[in-house]
Amino acid sequence: MKYPPQQTNLHTHTERCKHASGNVADYVTAAARQGCRLLGMTDHCPFPDDRWLFVRMESRELEPYLDEIDAARKLVPEVELLGGLECEYIPDRHSYYEDVFLANERIQFLVGGVHWVCHEGEWIGLGELSTPAHLASHARNLIETMESGLFSYLAHPDNFGIYYRDWDANCESCARDVLSAAASLQVPLEINGYGMRKPRVDTAQGSRWMYPLLPFWELAAEYDIQVVCNSDAHRPMDVMANIPEGILIASTCGLTLADPVQMIPSLDS
């Protein structure tokens, strides 16, 4: 690969998302020190109605964010720096992603990340979900995100482990639905390192990370999918954190690592 997985991170947040620290220059400088060759900035996207502002930038901040990325490229040219966004997928706003984000030549890729679930017509945060019906809605949201065709990969597809603690038949059903869709649509799935840096949770099966969920990735071995291992950095010091552990999970489960050049066409230009 042109960009070895152990030298790549395609999931990075800055202070603009209001739950991370540091600016783009801080991250790219840290990336160079930590041996990163390819860094993707993926702050949470703004929406035209400025919804969920407590965890994302405002619409007016999008161009300054991209300006910051352009400036950081000149500051640390030895790191290939990509401009991207992590997005909740809202189906009735599909054209917004195309017309505002993908039509902007400075935005090189979008990441699909589900943090709110549309359940029975109402958007509910992950922390509020607790039932098998919620889990089924979460799976549908993940699948709709992949079916949109907008995103280079699906972030933390197993983050239902944050709220649905015990692995059971409902979890397996959710996982199989998501994995089957990923295989059919050929959308890479992310093994996300951020969950390894969060407090562990106690379950009927014992203490574990919030995510990655090991049973999810063990099931993934049964499907024709590719995976990408990212840090999901929220601090410059974590820009390459837990990527080796993610690669080990992929290797142990016999999963194929995605090539960034195939995921992000502009890299091949």
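Read on for a plain summary of the structure. (Residues numbered from 1 in each chain as written. Predicted model: local features only at pLDDT ≥ 70, side-chain atom pairs only at ≥ 80, totals over all residues. Heavy atoms only, no water.)

**Topic: the overall build of the protein**
Then, number 1: In terms of regular secondary structure, the protein is built from eight helices and 12 strands.
Then, number 2: In summary, the protein has a C-alpha radius of gyration of 17 Å against a globular reference of 18 Å for 269 residues, a match within 12%.
Then, number 3: In terms of overall dimensions, the protein has C-alpha extents of about 50 × 40 × 35 Å along its principal axes.
Then, number 4: Put simply, 76% of the contacts in the protein that link residues at least 6 apart link residues at least 24 apart.
Then, number 5: Of the roughly 11,000 Å² of accessible surface on the protein, 49% is carried by carbon and sulfur atoms.
Then, number 6: In the protein, 20 side chains carry a positive charge and 39 a negative one; their mean positions are 5 Å apart. (Helix = DSSP H or I, 4+ residues; strand = E, 2+ residues; numbered from the N terminus. Rg over C-alpha atoms; globule rule 2.2 N^0.38 Å. Contact = heavy atoms within 4.5 Å. Areas by Shrake-Rupley, 256 points an atom, 1.4 Å probe, with all protein chains shown as cover. Lys, Arg positive; Asp, Glu negative; His and termini not counted. Charge placed at Lys NZ, Arg CZ, Asp CG, Glu CD.)

**Some remarks on helix α2 (residues 62-75)**
Then, number 1: Here α2 spans 20 Å end to end across 14 residues, near enough to the 20 Å set by a 1.5 Å rise per residue.
Then, number 2: Those residues of α2 that fall on the buried side of the exposure criterion are Leu62, Tyr65, Leu66, Ile69 and Ala72. The buried residues of α2 all sit within an arc of 115 degrees when viewed along its axis, so they share a single face. Counted as exposed and oriented over 90 degrees from the buried face of α2: Lys74 and Leu75. (Expected span 1.5 Å × (residues − 1). Buried < 20%, exposed > 50% of the residue type's maximum accessible area, 1.4 Å probe, protein only. Arc of directions from axis to C-beta.)

**Digging into the pairing of strand β11 (residues 226-230)**
Then, number 1: A large share of β11 lies buried, amounting to four of its five residues.
Then, number 2: By the bridge criterion, four bridges tie strand β8 (residues 189-192) to β11 in an arrangement that is parallel. Note that in β11 the partner of isoleucine 191 across the bridge is cysteine 229.
Then, number 3: Two strands pair when backbone bridges link them, and β11 and strand β12 (residues 256-257) are joined in this way by two bridges, in the parallel orientation. Note that in β12 the partner of glutamine 226 across the bridge is threonine 256. (Pairing = 2+ DSSP bridges.)

**Side note on the packing of aromatic side chains**
Then, number 1: In this structure the tally under the stated criterion is 14 aromatic pairs.
Then, number 2: Ring geometry for tyrosine 89 against tyrosine 97: centres 5.6 Å apart, planes inclined by 45 degrees, an arrangement best described as tilted. Each member of the pair, tyrosine 89 as well as tyrosine 97, carries the same accessibility label: buried. (Phe/Tyr/Trp six-rings, centres within 6.5 Å; stacked < 30°, edge-to-face > 60°.)

**Some points on the packing of helix α4 (residues 132-147) against helix α5 (residues 169-185)**
Then, number 1: Where α4 meets α5, the closest approach of the two axes is 9 Å, and the angle between their N-to-C directions is 10 degrees. In terms of orientation, α4 lies roughly parallel with respect to α5. Along its contact with α4, which presents Pro132, Leu135, Ala139, Leu142, Ile143, Met146 and Glu147, the element α5 presents Asn170, Cys171, Cys174, Asp177, Val178, Ala181, Ala182 and Leu185.
Then, number 2: Among the residues making up the contact of α4 with α5, the classes are represented as 12 nonpolar, one polar and two charged. (Axes fitted to C-alpha atoms, helices over the stretch in contact; angles between N-to-C directions. Parallel < 35°, antiparallel > 145°, perpendicular 65-115°, else oblique. Nonpolar A, V, L, I, M, F, W, Y, C, P; charged D, E, K, R; others polar.)

**With respect to unusual backbone geometry**
Then, number 1: At the junction of tyrosine 211 and proline 212, the peptide bond is cis and its omega measures out at 5 degrees in the coordinates.
Then, number 2: Take proline 212: it is sitting in the loop between β10 (206-208) and α6 (214-220).
Then, number 3: Backbone geometry places lysine 18, a non-glycine residue, at a positive phi of 70 degrees.
Then, number 4: Tracing the sequence through the fold places lysine 18 in the loop between β1 (8-9) and α1 (24-33).
Then, number 5: The phi torsion at glutamate 120 lies on the positive side, around 55 degrees, for a residue other than glycine.
Then, number 6: Mapped onto the fold, glutamate 120 is located in the loop between β5 (116-119) and β6 (122-125).
Then, number 7: In this structure glutamate 120 comes out as exposed when scored by relative accessible area, which is 73%.

**Section: α5**
An α-helix turns once every 3.6 residues. As a result, residues three or four positions apart point the same way.
Then, number 1: Helix length check: α5, at 17 residues, gives a terminal C-alpha distance of 24 Å against a target of 24 Å (1.5 Å per residue), a fit within 8%.
Then, number 2: Of the positions making up α5, those classed as buried are Cys171, Cys174, Ala175, Val178, Leu179, Ala181, Ala182 and Ala183.
Then, number 3: Elements that come into contact with the buried residues of α5 comprise α4, β7 (153-154), β8 and α6.
Then, number 4: By the N-cap criterion, in which a side-chain oxygen at the helix start approaches the backbone nitrogen of a residue two or three places on, α5 is capped by aspartate 168, the distance to asparagine 170 being 3.0 Å.
Then, number 5: Phi turns positive one or two residues past the end of α5, at glutamine 186, with a value near 55 degrees. (Polar contact = N/O pair within 3.5 Å; in protein donor to acceptor, adjacent residues only side chain to side chain.)

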